[in-house]
Amino acid sequence: MTSVSITAPAKLNLFLHINNKRDDGYHELETLFTFLDFGDELTFTLTNEKTISLCDDNYGIPQHDNLIYKAALALQSYKKVPLGVNIKLIKKLPMGGGVGGGSSDAATTLLTLNTLWNCQLTIAELANIGVKLGADVPVFIHGKTAVAQGIGEKLTPIKLPKKWYCVVFPNVHISTAEIFTHPDLPRNTPKLSEGWKLAETQNDCEALVKKLNSEVEKTLLWLLKYGPSRMTGTGACCFVELDSQIAAQRVLNSLPSCWQGFVAPNSAISPAHTQLEARLK
Ligand SMILES: C[C@](O)(CO)[C@H](O)COP(=O)(O)OP(=O)(O)OC[C@H]1O[C@@H](n2ccc(N)nc2=O)[C@H](O)[C@@H]1O
Ligand SMILES: Nc1ncnc2c1ncn2[C@@H]1O[C@H](COP(=O)(O)OP(=O)(O)OP(=O)(O)O)[C@@H](O)[C@H]1O
């Protein structure tokens, strides 16, 4: 049976501005997404029955709630696919960490099964299925470093220099919904003007998350020793950007044992796309 392993990469929000709250409760954002060359590992094995099954070393998410299962089911129903799949997940990305693990798993599932099940959907069609699973899924489907607007689905690709990141998970899981519904969240950052500079941006969730979670505040302060530190998404992961692998690894080597972390370079194209393309050649 055909079997293929593909990475579901982490993302970082290099900045995250909240411009407005919409009537449906979602927020208008401007955010810069970059992918990291590090992520969950998903192995897909096709089956002749229509069953979709997931094996995930018990991460505590029931199968029917898992975004991987939901993504596979959504594509199978949309294209009336007569085949099934067994999916094995090796989870490396912290859940509720702001690195988009669940969304990335869902996007990698849609991209890979589109190929393995020969669905022939376009990227736009897959993103349309994906956005119903989460606001972050489309950027992983498009797979290019981009500034996102809307709720995160209107994407403008952008080029960034290669950098290395040390990403730290302070062992607190933060609910995205809790932050977005909090009365103290700032929601009126003006839209970016032409010629904006990264140094003039911020993460609008950071002050609130720091106030609610002292571990996040401690992590940001600790990282400041090595360079400007920032939180990704609604947290809890925080990162520092460095010019070399050696410098990033040095930060990780001195990480207090109460936190976890990883080092990775950014990747202009999502590793999931690069791996799938290499497989198709
Ligand atoms: C904050 C980010 O991580 C930035 O990348 C994302 O926008 C969140 O994306 P996500 O986790 O895929 O979000 P969803 O699963 O769609 O939504 C989680 C929760 O966040 C809120 N949410 C999400 C995105 C957005 N633009 N406005 C929101 O208010 C939703 O009301 C929902 O209650
Ligand atoms: N395959 C999956 N991996 C991780 N979380 C999943 C998955 N499927 C469903 N979820 C649910 O989605 C929630 C958010 O998970 P995720 O790891 O994507 O958070 P996050 O990194 O904070 O995302 P974001 O930055 O997009 O808000 C989890 O708490 C979990 O309940």
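Keep in mind that what you see is a predicted model, and the values were worked out from it rather than measured. (Residues numbered from 1 in each chain as written. Chains lettered and ligands numbered in written order. Predicted model: local features only at pLDDT ≥ 70, side-chain atom pairs only at ≥ 80, totals over all residues.)

(A) How the structure looks around the site of ligand 1. The immediate surroundings of ligand 1 are formed by 18 residues, with H27, G134, D136, A177 and G233 found nearest. Of the residues that constitute the shell around ligand 1, the class distribution is seven nonpolar, ten polar and one charged. Taken domain by domain, the shell around ligand 1 gets at least three of its residues from each of domain 1 (3–158 + 268–280) and domain 2 (164–267). (Near = placed C-beta within 6 Å. Nonpolar A, V, L, I, M, F, W, Y, C, P; charged D, E, K, R; others polar. Domains from an automatic or database assignment.)

(B) Here's a closer look at the pairing of strand β10 (residues 260–267). When you tally the buried positions in β10, you get six out of eight residues, the bulk of the element. Relative to β10, strand β2 (residues 27–47) runs antiparallel, the two sharing two bridges. In the strand pairing of β10, L36 is matched with N266. Bridge count for strand β7 (residues 164–169) against β10 is six bridges, and the pairing is antiparallel. Each bridged residue has a counterpart across the sheet, and for F169 the counterpart in β10 is Q260. (Buried ≥ 20, exposed ≤ 12 C-beta atoms within 10 Å, placed from the backbone. Helix = DSSP H or I, 4+ residues; strand = E, 2+ residues; numbered from the N terminus. Pairing = 2+ DSSP bridges.)

(C) Representation of helix α2 (residues 101–116). Under the 1.5 Å per step criterion, the end-to-end length of α2 is 22 Å for 16 residues, consistent within 8% with the ideal 22 Å. With respect to burial, α2 is a largely interior element, 14 of its 16 residues being buried. Count one or two residues on from α2 and you reach N118, which has phi positive near 55°. (Expected span 1.5 Å × (residues − 1).)

(D) Just the domain arrangement of the protein, in detail. Here the protein is described as being made up of domain 1 (3–158 + 268–280) and domain 2 (164–267). For domain 1 versus domain 2, the separation of C-alpha centres amounts to 22 Å. Domain 1 puts 29 residues into the contact, and the matching count from domain 2 is 32 residues. Elements that contribute at least two residues to the side of domain 1 that touches domain 2 include exactly β1 (3–21) and β2. Take the side of domain 1 that touches domain 2: its biggest share by element is eleven residues, from β1. Residue classes in the side of domain 1 that touches domain 2 are distributed as 15 nonpolar, eleven polar and three charged. (Contact = placed C-beta atoms within 7 Å.)

(E) Quick peek at the pairing of strand β5 (residues 146–149). Here β5 shows a clear split, with A146 and A148 buried on one side and none of V147 and Q149 buried on the other. Pairing analysis gives three bridges linking β2 to β5, with the strands arranged antiparallel. By the bridge assignment, T31 is partnered in β5 with A148. Bridge count between β5 and strand β6 (residues 154–157): four bridges; the pairing is antiparallel.

(F) View of the site of ligand 2. Contacts to ligand 2 come from 19 residues, most closely from L67, G101, G102, T176 and G233. Residue assignment for the shell around ligand 2 shows that the elements contributing at least two residues are α1 (67–78) and α2. No other element matches the four residues that α2 contributes to the shell around ligand 2. Across the shell around ligand 2, the residue classes tally to five nonpolar, eleven polar and three charged. In terms of domain composition, the shell around ligand 2 takes at least three residues from each of domain 1 (3–158 + 268–280) and domain 2 (164–267).

(G) Layout of the packing of α2 against helix α9 (residues 271–280). Two numbers describe how α2 lies on α9: the axes approach to 11 Å, and their chain directions differ by 10°. By the criterion of interaxial angle, the relationship of α2 to α9 is roughly parallel. Along its contact with α2, which presents T108, L111, T112 and T115, the element α9 presents A272, L276 and L280. (Axes fitted to C-alpha atoms, helices over the stretch in contact; angles between N-to-C directions. Parallel < 35°, antiparallel > 145°, perpendicular 65-115°, else oblique.)

(H) Up close: the UniProt feature "binding site: ATP" (unreviewed entry) in the protein. Within the UniProt annotation, "binding site: ATP" (unreviewed entry) is assigned to P94, M95, G96, G97, G98, V99, G100, G101, G102, S103 and S104. Mapped onto the secondary structure, G96 falls in the loop between β4 (84–90) and α2. Apart from residues lying up to four places away in sequence, G96 is in contact with H173, I174, S175 and A236. Topologically, S103 is positioned in helix α2. Every residue in contact with S103, bar those within four places of it in the chain, is listed here: L67, G134, D136, V137 and F140. (UniProt positions renumbered as here; feature names shortened; annotations may be inferred.)

(I) Representation of the packing of α2 against helix α3 (residues 123–131) in the model. Between α2 and α3, the least distance of the axes is 10 Å, while the angle of their chain directions is 140°. Classified by the angle their axes make, α2 and α3 are oblique. The chirality of how α2 crosses α3 is right-handed. Where α2 abuts α3, its residues A106, A107, L110, L111 and N114 lie against L126, I129 and G130. Among the residues making up the contact of α2 with α3, the classes are represented as six nonpolar, two polar and no charged. (Left-handed = near helix turned anticlockwise from the far one by under 90°.)

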